[in-house]
Amino acid sequence: MVAPLSAWPWENLGVFKYLLYGPLAAKVLYSWIYEDSIKDLWCLHILVICALRGLIHQLWSSYSTTLFLTRNRRIKPEGVDFKQIDREWDWDNFLILHALLAYMACLIFPSLDDLPLWNPKGFITLLFLHVTVSEPLYYWAHRYFHEGYLFTHYHSLHHSSSVTHPYTAGHATFLEHLILCIVIGIPMAASIMMGYGSTSMVYGYVSAFDFLRCLGHSNVEVVPHEVFIKLPFLKYFLYTPTYHSLHHTEMGTNFCLFMPLFDAMGNTVNRNSWQLHKKISSDSAKNGRVPDFVFLAHGVDLTSSMHAPFVFRSFASVPFSTRIFLLPLLPVAFLVMLIMWAWSKTFLVSFYNLRGHLHQTWVVPRFGFQYFLPFAMEGINKRIEEAILRADRIGVKVISLAALNKNEALNGGGTLFVEKHPDLKVRVVHGNTLTAAVILNEIPKDVEEVFLTGATSKLGRAIALYLCRRRVRVLMLTLSTERFQKIQREAPADCQNYLVQVTKYQAAQNCKTWIVGKWITPRQQSWAPSGTHFHQFVVPPILAFRRDCTYGDLAAMRLPDDVKGLGSCEYTMERGVVHACHAGGVVHQLEGWTHHEVGAIDVDRIDIVWKAALKHGLRPVSSM
């Protein structure tokens, strides 16, 4: 049985819960449209304050997940996984609760409309009441919530988040936020009733309250330890992220709201609080743990840039799709793209842990269209080269190149960097061997004929040579007889006849297995017979135009079940699924292979890499 006041009344409403702001918005709109002025001004204030509080949480979330700034200041090194993100999905429930309670207060006390904009006495009174009433009230309530029934049925939800995050601050039960509302409300209500209240006091107190709550849950130490050396007394009047993180690790200590003074008075200060804070703050200038594997990704388009975890965490935790509500942010994304083009270098965007190995994703600050601008290619190669050299310098074992970062026309599939720097210790991997293996293992064993576009590309060549060895007839679409014959000569003499050059899509009108390595239009797709399945390794994926045909996804593999700290999706991939070139680098690192994988694909290694991937627990998505 659910404990009383533990569940949120609107927890089953989904996004429709935001309609609860409707009465406030309706009053504001009615006054604005049909009356000379907004009479119920506090209805507008409540909506603005809620938006401001949401923005504070969002900005703290963005900061704490901006890993290229905070990676060496993180208190707990683990990542926030999908389970925690889902649990904290409705972190903003408390904003609705506080808005409704504030609206009720406005209805009961209409004199609130007469509050002045500023009154310095109000700030002094509020600060005094916060220290003497709110702080001890929260401290003792918090201690009681850590006991028996109250912890099991209420407060354990808040502590279910193993790695604190700004959204964790709002992740609690209905009863806890009712009490928190009282804690916030007493100083403001008392100051107002004494005649010292002001609009700026309400805005300032609520904003500061949320700012400090997010700071404590950020998992990033931002308070320099030197402050407490110069002003020792200050450590009792301001908690730090490390201080509160210890409460989540060792729950019998550090119960205070914002002031450790009350923990000192209650003898509940964690003895390691200041030493750990000093260590984390001091170590922030040092390099953190070196990753074993790096996947070097790139942007796809402007809308996909908003899929980064440090933009919207919830959006990044689900497969990418274009959302209408993000379109107004496109001008901002465009401006950021220009800034990155001018100044930005490769940066860390996400990480996860796999069997004791740290795997990171770095991003080249370039988008898909830029890779096809002739004047931009040199700069892109420079960014990739810098990333490889940096990885080599810090001791990364394997770096894998994403789709356009290993473009044949750009750098020969990574060959450029290996030849330019023959003494590299980091292994450079394009991952296409596993990409080919994924595509080939999706093709039914009884298929006798396939149609291949992009046939003379790196992947197309490997797929054609592999299939002809299996005695599968490959219709290779290419206008270049020279390139076709070069590939044909690589095949065993008794298999060369299985490679057939075709120059028109009409040649495949009776073939139901298409492997698409070059973008094809709906008109070109129309030549495929009904029931055709389109396998593909083209970026972006082709449009699913034919309803009488089926379309495969880009080559990908699911990471092993024991992956930890993974909380973002790789572009359009499902949770836990990564592009095959990413997975290829993972296999390279787990196997400890010491060779580079650049340039042309070694067809003889396709089966070797596939078996190694399965051995380490990576699974094809199609088998799920």
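What you see is a predicted model; the values in this text were computed from it and never measured.

**Here's the deal with the sheet that holds strand β12 (residues 556–558)**
Reasoning step 1: Taken in spatial order, the 3 strands make up an open sheet running β13-β12-β14, and their pairing is antiparallel. For this open sheet the edge positions go to β13 (577–579) and β14 (619–620), each flanked by a neighbour on one side alone.
Reasoning step 2: By the bridge criterion, 3 bridges tie β12 to β13 in an arrangement that is antiparallel. Following the sheet pairing, Ala 556 is matched in β13 by His 579.
Reasoning step 3: Contacting β12 and β13, helix α24 (residues 580–591) crosses the sheet at an angle of about 95° to β13.

**Considerations on the nonpolar core**
The tendency in soluble globular proteins is for nonpolar side chains to be buried side by side.
Reasoning step 1: Membership of the largest hydrophobic core comes to 66 residues, with the highest contact counts inside it found for Leu 434, Leu 467, Leu 499, Ile 515 and Ile 606.
Reasoning step 2: Ile 56, Leu 95, Leu 126 and Tyr 138 belong to the second largest nonpolar core, which has 43 residues in total.

**Remarks on helix α11 (residues 241–249)**
Reasoning step 1: Within α11, 8 of the 9 residues are buried, leaving the element largely enclosed by the surrounding structure.
Reasoning step 2: Those residues of α11 lying buried are Pro 241, Thr 242, Tyr 243, His 244, Ser 245, Leu 246, His 247 and His 248.
Reasoning step 3: Looking at the packing, one finds that the buried side of α11 touches α6 (120–144), α7 (148–155), α9 (199–216), α12 (261–265) and α13 (273–283).

**Regarding the domain arrangement of the protein**
Reasoning step 1: Structurally, the protein comprises domain 1 (11–284), domain 2 (293–429 + 577–618) and domain 3 (435–552).
Reasoning step 2: Here the C-alpha centroids of domain 1 and domain 3 sit 58 Å apart.

**Things to note about empty space enclosed by the protein**
Reasoning step 1: Enumeration over the complete set of coordinates arrives at 4 cavities of 30 Å³ or more.
Reasoning step 2: By volume, the largest cavity amounts to about 270 Å³.
Reasoning step 3: Together, 21 residues line the largest cavity, and Thr 65, Gly 79, Val 80, Pro 309 and Phe 351 are the ones closest to its centre.
Reasoning step 4: Of all elements in the fold, only α15 (313–316) and β2 (347–354) reach the threshold of two or more residues within the lining of the largest cavity.
Reasoning step 5: Element by element, the count of residues in the lining of the largest cavity is highest for β2, at 3 residues.
Reasoning step 6: Here the residues of the lining of the largest cavity are counted per class, giving 8 nonpolar, 11 polar and 2 charged.
Reasoning step 7: Structurally, the lining of the largest cavity is a two-domain feature, drawing no fewer than three residues from each of domain 1 (11–284) and domain 2 (293–429 + 577–618).

**A look at the packing of aromatic side chains**
Reasoning step 1: Considering all chains together, one arrives at 30 aromatic pairs under this definition.
Reasoning step 2: Both rings, one in Trp 91 and one in Tyr 167, keep their centres 4.4 Å apart while their planes meet at 5°; by these two values the pair is stacked. In this pair, Trp 91 sits in the loop between α4 (82–87) and α5 (93–108) while Tyr 167 sits in the loop between α7 and α8 (174–193), placing the two residues 76 residues apart along the sequence.
Reasoning step 3: Taking the relative accessible area as the measure of exposure, Tyr 167 reaches 6% and is therefore buried.
Reasoning step 4: On the basis of an interplanar angle of 75° and a centroid distance of 5.4 Å, the ring pair of Trp 514 and Phe 534 is categorised as edge-to-face. Residue Trp 514 is located in strand β9 (residues 513–516), and its partner Phe 534 is located in strand β10 (residues 533–536); the two are separated by 20 residues in the primary sequence. The burial state of Trp 514 is the same as that of Phe 534; both residues are buried.
Reasoning step 5: An aromatic cluster of three or more residues is present, and its members are Phe 451, Tyr 505, Trp 514, Phe 534 and Tyr 551.

**Here's the deal with the sheet that holds β9**
Reasoning step 1: Across the sheet, which stays open at both edges, the 6 strands sit in the order β8-β7-β6-β9-β10-β11 with parallel pairing between neighbours. Both edges of this open sheet fall to β8 (499–502) and β11 (550–551), since each of them pairs with a single strand only.
Reasoning step 2: Here 2 bridges tie β10 to β11, and the two strands are oriented parallel to one another. Looking at the pairing, Phe 534 lines up with Tyr 551 of β11.
Reasoning step 3: Lying over the sheet, helix α21 (residues 458–469) contacts β6 (449–453), β7 (473–477), β8 and β9, oriented at roughly 160° with respect to β7.

**Section: the pairing of strand β1 (residues 293–298)**
Reasoning step 1: The buried fraction of β1 amounts to 6 of the 6 residues, a majority that puts the element mostly inside the structure.
Reasoning step 2: Because side chains alternate across β1, one face comprises the buried residues Phe 293, Phe 295 and Ala 297, and the other comprises Val 294, Leu 296 and His 298, equally buried.
Reasoning step 3: Bridge count between β1 and strand β3 (residues 357–364): 6 bridges; the pairing is parallel. Within β3, the position partnered with Leu 296 by the bridge is Trp 362.
Reasoning step 4: Here β1 pairs with strand β4 (residues 398–401) via 4 bridges, running parallel. What sits directly across from Val 294, in β4, is Ile 399.

Conventions and cut-offs
- Residues numbered from 1 in each chain as written.
- Predicted model: local features only at pLDDT ≥ 70, side-chain atom pairs only at ≥ 80, totals over all residues.
- Heavy atoms only, no water.
- Pairing = 2+ DSSP bridges.
- Helix = DSSP H or I, 4+ residues; strand = E, 2+ residues; numbered from the N terminus.
- Contact = heavy atoms within 4.5 Å.
- Axes fitted to C-alpha atoms, helices over the stretch in contact; angles between N-to-C directions.
- Core = buried A, V, L, I, M, F, W, Y, C linked by side-chain atoms within 4.5 Å.
- Buried < 20%, exposed > 50% of the residue type's maximum accessible area, 1.4 Å probe, protein only.
- Domains from an automatic or database assignment.
- 1 Å grid on protein atoms, 1.4 Å probe; cavity = no way out; pocket = protein on both sides within 12 Å on 5 of 7 lines; lining within 4 Å.
- Points joined across faces, edges and corners; volume = space filled by probe spheres on them.
- Nonpolar A, V, L, I, M, F, W, Y, C, P; charged D, E, K, R; others polar.
- Phe/Tyr/Trp six-rings, centres within 6.5 Å; stacked < 30°, edge-to-face > 60°.

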